[in-house]
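These are the residues of each chain, in order.
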Amino acid sequence: MTKVRVSTCSLAGCFGCHMSFLDVDERLVDLLERVEFNRSPLTDIKACESCDIGFIEGGLCNQENVEVLLQFRKQCRYLVAVGACAINGGIPAMRNSIPISDCLEEVYLNGKGLANQLIPNDPELPRLLNQVRPIHEAVKIDYFLPGCPPSADEILNMLQQIVDGNEPSTSHKNIRFD
Ligand code: SF4
């Protein structure tokens, strides 16, 4: 039987949605008969190959996030936005009302106890976007899983429905909007 290939990816998030995914615990083992994991914390594969389902957490805060998202979208048949940061920018988007120069000065120049008061400017560093943006503004998203983070039950529920070939629907009892 051909297995469904699943990948996950994190942009501007805290990895908490991935932790929730891992809270599926031993139920993941039952899925392994029908699912194989590509890029994910379970495999430590860094570059995503073509896959059936991609779960992505985090919004867009820098240019590298945009490039990773565009690449991930190309590789995934279905793309699921997981968690508040992916869906509306979440906590990182709290900086959106503050000019980026003020944010950098507060963090690198005015904070207490800083050893080197210098705003990093290495050309290797990804360029910050002026605002943190949700991922649906850059690519098509097939399904959304709200929550901060969404529950492990809800992540598993969506994965199982896609694996079963059904159109995923979220169950209201497990949906969180925190
Ligand atoms: Fe972390 Fe919450 Fe954002 Fe998920 S939605 S990446 S748990 S802050």
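Quick caveat, the model's predicted, so the values are computed rather than measured. (Residues numbered from 1 in each chain as written. Predicted model: local features only at pLDDT ≥ 70, side-chain atom pairs only at ≥ 80, totals over all residues. Heavy atoms only, no water.)

Undergrad: Mind laying out the sheet that holds strand 1 (residues 4–10), listing which residues take part and the relevant values?
TA: The strand order 2-1-3-5-7 describes an open sheet built from 5 strands, whose pairing is parallel. Of all the strands in the sheet, the pair left with one neighbour each is strand 2 (35–37) and strand 7 (143–145). Across the sheet, the mean angle from the axis of one strand to that of its neighbour is 25 degrees, orientation sign disregarded. With 3 bridges joining them, strand 1 and strand 2 adopt parallel strand pairing. The partner of V6 across the bridge, within strand 2, is F37. Of the strands in this sheet, strand 1, strand 3 (51–57) and strand 5 (76–82) are in contact with helix 3 (residues 63–75), which crosses strand 5 at around 130 degrees. Lying on the sheet, helix 6 (residues 152–163) is in contact with strand 1, strand 2, strand 3, strand 5 and strand 7; it crosses strand 7 at an angle near 160 degrees. (Pairing = 2+ DSSP bridges. Helix = DSSP H or I, 4+ residues; strand = E, 2+ residues; numbered from the N terminus. Axes fitted to C-alpha atoms, helices over the stretch in contact; angles between N-to-C directions. Contact = heavy atoms within 4.5 Å.)

Undergrad: Can you explain the pairing of strand 1? Please cite residues and give values.
TA: Of all 7 residues making up strand 1, 5 are buried, and the element is well covered by its neighbours. As defined by bridge partners, strand 1 adjoins strand 3 across 5 bridges and the pair is classed as parallel. Paired with C9 across the bridge in strand 3 is I56. (Buried < 20%, exposed > 50% of the residue type's maximum accessible area, 1.4 Å probe, protein only.)

Undergrad: Break down the confidence of the model for the chain for me, citing the residues and quoting the values.
TA: On average, residues of the chain carry a pLDDT of 91, and 95% of them reach 70 or more. Across the chain, the secondary-structure element scoring lowest on mean pLDDT is helix 2 (residues 27–31), at 89, and the one scoring highest is strand 4 (residues 60–62), at 98. (pLDDT = per-residue confidence, 0-100.)

Undergrad: An account of the environment of E167 is needed here, citing residue identities and associated values.
TA: Its location among the elements puts E167 in the segment after helix 6. Given a relative accessible area of 61%, E167 falls into the exposed group. When the C-alpha atoms of E167 and Y143 are compared, they prove to be 9.8 Å apart, with 24 residues separating the residues in sequence. Once you skip the residues sitting within four places of it in the chain, E167 turns out to touch Y143 and Q161. In this structure the side chain of E167 is engaged in a polar contact, spanning 3.2 Å, whose partner is the side chain of Y143. (Polar contact = N/O pair within 3.5 Å; in protein donor to acceptor, adjacent residues only side chain to side chain.)

Undergrad: I'd like a description of the nonpolar core, backed by residues and values.
TA: V6, V35, I53, F55, V80 and L159 are the most contacted members of the largest nonpolar core, which has 22 residues in total. Mapped onto this core, the elements with two or more residues apiece are strand 1, helix 1 (16–22), helix 2, strand 2, strand 3, strand 5, strand 7 and helix 6. The greatest single-element share of this core, amounting to 7 residues, is contributed by helix 6. Apart from the residues within four sequence positions on either side, V6 is in contact with V35, E36, F37, N38, R39, I53, F55 and L159. (Core = buried A, V, L, I, M, F, W, Y, C linked by side-chain atoms within 4.5 Å.)

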